[in-house]
Amino acid sequence: MDTRLVKVKDTEAIRDEELAEAAQILRNGGLVAFPTETVYGLGANALDETAARRIYAAKGRPSDNPLIAHISCMEELPPLVARIPEAGRRLAEAYWPGPLTMVFPKSAVVPYGTTGGLDTVAVRMPSDPVANRLIRLAGVPVAAPSANTSGRPSPTMAQHVWEDMNGKIEMIVDGGPVGIGVESTIVDVSGETPTLLRPGAVTIEMLRDTVGRVEIDPAIQEPPGADFHPKAPGMKYRHYAPQAELILVEGNMDSVVARINFLVKEKTGQNYRVGVICTDETRDRYRAGLVRSVGLRAREETIAHNLFAVLREFDELQVDLIYSESFSRDHLGQAIMNRLTKAAGYHVIHV
Ligand code: TXA
Ligand code: MG
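**A word on the overall build of the chain**
Right, so step 1: Within the chain, the regular secondary structure consists of 10 helices and 16 strands.
Right, so step 2: Judged by the C-alpha coordinates and their principal axes, the chain covers about 60 × 45 × 40 Å.
Right, so step 3: By residue count, 58% of the 351 residues in the chain fall in the buried class.
Right, so step 4: Within the chain, counting contacts between residues at least 6 apart in sequence, those at least 24 apart form 69% of the total.
Right, so step 5: For the chain, the exposed surface amounts to about 14,400 Å²; the carbon and sulfur share of it is 49%.
Right, so step 6: Here the chain contributes 38 positively and 45 negatively charged side chains, and the mean placements of these two sets differ by 3 Å.

Written as structure tokens, this is what we have:
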């Protein structure tokens, strides 16, 4: 299949004509990748089970891993859900449109092919102008997982989507690099107490500010054990991972830098190609290896923004091993550390 690449000229002044064909493809059961404020999504009509199946095929994704249905405005929510719990209403008021996904009891119109067989449906209203306009023009809720091959780091620019999806989908809409860089926060509001299933840019601190008590699904922090049943099925798969083995080094900054320098020297001596993930503050302190800064430690949003692109770059450089500094787990740091720890398969060296 020929994958067409369509570039949106000015995302501040989108014309409907630019997205008309993409919307048409979605309505007709085809696949269109598009930018959102978090990562690029791979869209299909969420109410069309056959279209949803094509998403799983293009991504190579296990079909028990449910998809998020994306909407463009509040009026599009009620048809998809059996009820809107109070916490869901308040969180929607506070953070929609934006990087927050909520899990609701599903209505009958949402097919099990979209929800991976679950009686709940995850819904998100993106704020990205391209995403929002495209969904509105499509006139259907748009199921969209991240537009990467299953297991690879999520795409934060159209080029990443092209690498993974060229020849497998009808169209890629290029709206430039995304803003946030890590996937949306997921909160389950279908039960008694809201539960955080995946950390993102709407932080646990913000959620608790809005609705009070919010539980945290243990799957966010813990490695998978024998009877590991995360509520977001996607959290059980190895994720966000570069091809190389990634190892996190955690502790006070001086010890971390010293240990990484030591390990890079040792492994380079054994003929490994070694990458280092550091920050602008520490970059000049590394003496060997392929050193990449993910941003400024003092501005964690820069780290979220660059993390997946750096992991993909190391794939291209075909490194064997990556050592990464670790980050604070507060605020956006919770999402950054969640993705990094999973990418590392929970391999952390404490110094
Ligand atoms: O930022 C995002 O959320 C991006 C953009 C494209 O919107 N999408 C995204 O989708 O990250 P995906 O499919 O890569 O991740 C969705 C996660 C998976 O871990 C999945 O298991 C979980 O959401 N999920 C979806 N429906 C669910 C449900 N009904 N109950 C619990 N978890 C659900
Ligand atoms: Mg994903």
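**Things to note about helix α2 (residues 49–59)**
Spacing of three or four residues puts side chains on the same side of an α-helix, whose turn is 3.6 residues.
Right, so step 1: For α2, the full list of buried residues reads A51, A52, I55, Y56, A58 and K59. Down the axis of α2, the sector holding all buried residues measures 165°, keeping them to one side. Seen from the buried face of α2, the exposed residues on the opposite side, beyond 90 degrees, are R53 and A57.
Right, so step 2: On the buried face of α2, the contacting elements are β3 (41–45), α4 (112–115), β7 (142–143) and α6 (158–165).
Right, so step 3: The first or second residue beyond α2 is G60, which carries a positive phi of 70°.

**Details of the sheet that holds strand β2 (residues 32–34)**
Right, so step 1: Taken in spatial order, the 11 strands make up an open sheet running β1-β8-β2-β3-β7-β4-β6-β5-β9-β10-β11, and their pairing is mixed. Since the sheet does not close on itself, it has two edges, and those belong to β1 (4–7) and β11 (215–216), each with one partner.
Right, so step 2: Sheet analysis places strand β10 (residues 195–198) next to β11, joined by 2 bridges and oriented parallel. Bridge pairing in β11 places T195 opposite E215.

**Brief notes about the pairing of strand β6 (residues 120–124)**
A regular strand carries its side chains on alternate faces of the sheet.
Right, so step 1: Across the 5 residues of β6, 4 count as buried, placing the element largely inside the fold.
Right, so step 2: Sheet topology places strand β5 (residues 100–105) next to β6; 5 bridges connect them, and they run antiparallel. Among the inter-strand pairings, F104 is bridged to a residue of β6, identified as V121.

**A word on the side chain of D315**
Right, so step 1: By secondary structure assignment, the location of D315 is in helix α9 (residues 300–316).
Right, so step 2: A polar side-chain atom of D315 sits 2.7 Å from a polar atom in the side chain of R152.
Right, so step 3: If we skip the residues at most four places from it in the chain, D315 touches R152, P153, P242, Q243 and A244.

**Some remarks on the site of ligand 1**
Right, so step 1: In the region of ligand 1, 27 residues are neighbours, and T38, N65, H70, S184 and G234 sit closest.
Right, so step 2: A distance of 3.0 Å is found between a nitrogen atom of ligand 1 and a side-chain nitrogen or oxygen belonging to T120.
Right, so step 3: At 2.9 Å from an oxygen atom of ligand 1 is found a side-chain nitrogen or oxygen belonging to R198.
Right, so step 4: Look at ligand 1: alone it shows 680 Å² of surface, and the protein chains cover 98% of it.
Right, so step 5: Looking at the shell around ligand 1, the elements with two or more residues in it are β4 (68–70), β6 and β10.
Right, so step 6: Per-element accounting of the shell around ligand 1 gives the leading share, 4 residues, to β6.
Right, so step 7: Its residues placed into classes, the shell around ligand 1 shows 14 nonpolar, 8 polar and 5 charged.

**Some points on the pattern of salt bridges**
Right, so step 1: According to the stated counting rule, one finds 17 salt bridges in the structure shown.
Right, so step 2: In this structure, R15 and E17 form a salt bridge, with 3.2 Å as the shortest nitrogen-oxygen distance.
Right, so step 3: With relative accessibility at 56%, the residue E17 sits in the exposed group.
Right, so step 4: Between D315 and R152 there is a salt bridge, and its shortest N-O distance comes to 2.7 Å. You can see D315 sitting in helix α9 and its partner R152 sitting in the loop between β7 and α6, a full 163 residues away along the chain. Per residue, the accessibility class of D315 equals that of R152, and both read buried.
Right, so step 5: Connected via shared salt-bridge partners are R152, E163, D164, R312 and D315.

**Considering helix α8 (residues 253–269)**
Right, so step 1: Between its terminal C-alpha atoms α8 stretches 24 Å, which fits the 24 Å expected from 17 residues at 1.5 Å a residue.
Right, so step 2: Inspection of α8 places V256, V257, I260, N261, L263, V264 and K267 among the buried residues, and these make up the whole buried set.
Right, so step 3: Against the buried residues of α8 lie β12 (245–250), β13 (274–278), β15 (321–325) and β16 (348–350).
Right, so step 4: Capping the start of α8 is the job of one residue whose side-chain oxygen sits 3.1 Å from the backbone nitrogen of D254: N252.

**Quick notes on the nonpolar core**
Right, so step 1: Residues L42, L91, W96, L100 and V123 are the most contacted members of the largest nonpolar core, which totals 46 residues.
Right, so step 2: Listed by contribution, the elements that provide at least two residues to this core are β3, α2, α3 (86–95), β5, β6, α6 and α7 (204–211).
Right, so step 3: If you tally residues by element for this core, the top one is α2, at 5 residues.
Right, so step 4: Apart from residues no more than four positions distant in its own chain, L91 is found in contact with W96, L100, M102, V187, V189, L207, T210 and V211.

Thresholds applied
Residues numbered from 1 in each chain as written. Chains lettered and ligands numbered in written order. Predicted model: local features only at pLDDT ≥ 70, side-chain atom pairs only at ≥ 80, totals over all residues. Heavy atoms only, no water. Helix = DSSP H or I, 4+ residues; strand = E, 2+ residues; numbered from the N terminus. Buried < 20%, exposed > 50% of the residue type's maximum accessible area, 1.4 Å probe, protein only. Contact = heavy atoms within 4.5 Å. Areas by Shrake-Rupley, 256 points an atom, 1.4 Å probe, with all protein chains shown as cover. Lys, Arg positive; Asp, Glu negative; His and termini not counted. Charge placed at Lys NZ, Arg CZ, Asp CG, Glu CD. Arc of directions from axis to C-beta. Pairing = 2+ DSSP bridges. Polar contact = N/O pair within 3.5 Å; in protein donor to acceptor, adjacent residues only side chain to side chain. Near = heavy atom within 4 Å. Nonpolar A, V, L, I, M, F, W, Y, C, P; charged D, E, K, R; others polar. Salt bridge = Lys/Arg side-chain N within 4 Å of Asp/Glu carboxyl O. Expected span 1.5 Å × (residues − 1). Core = buried A, V, L, I, M, F, W, Y, C linked by side-chain atoms within 4.5 Å.

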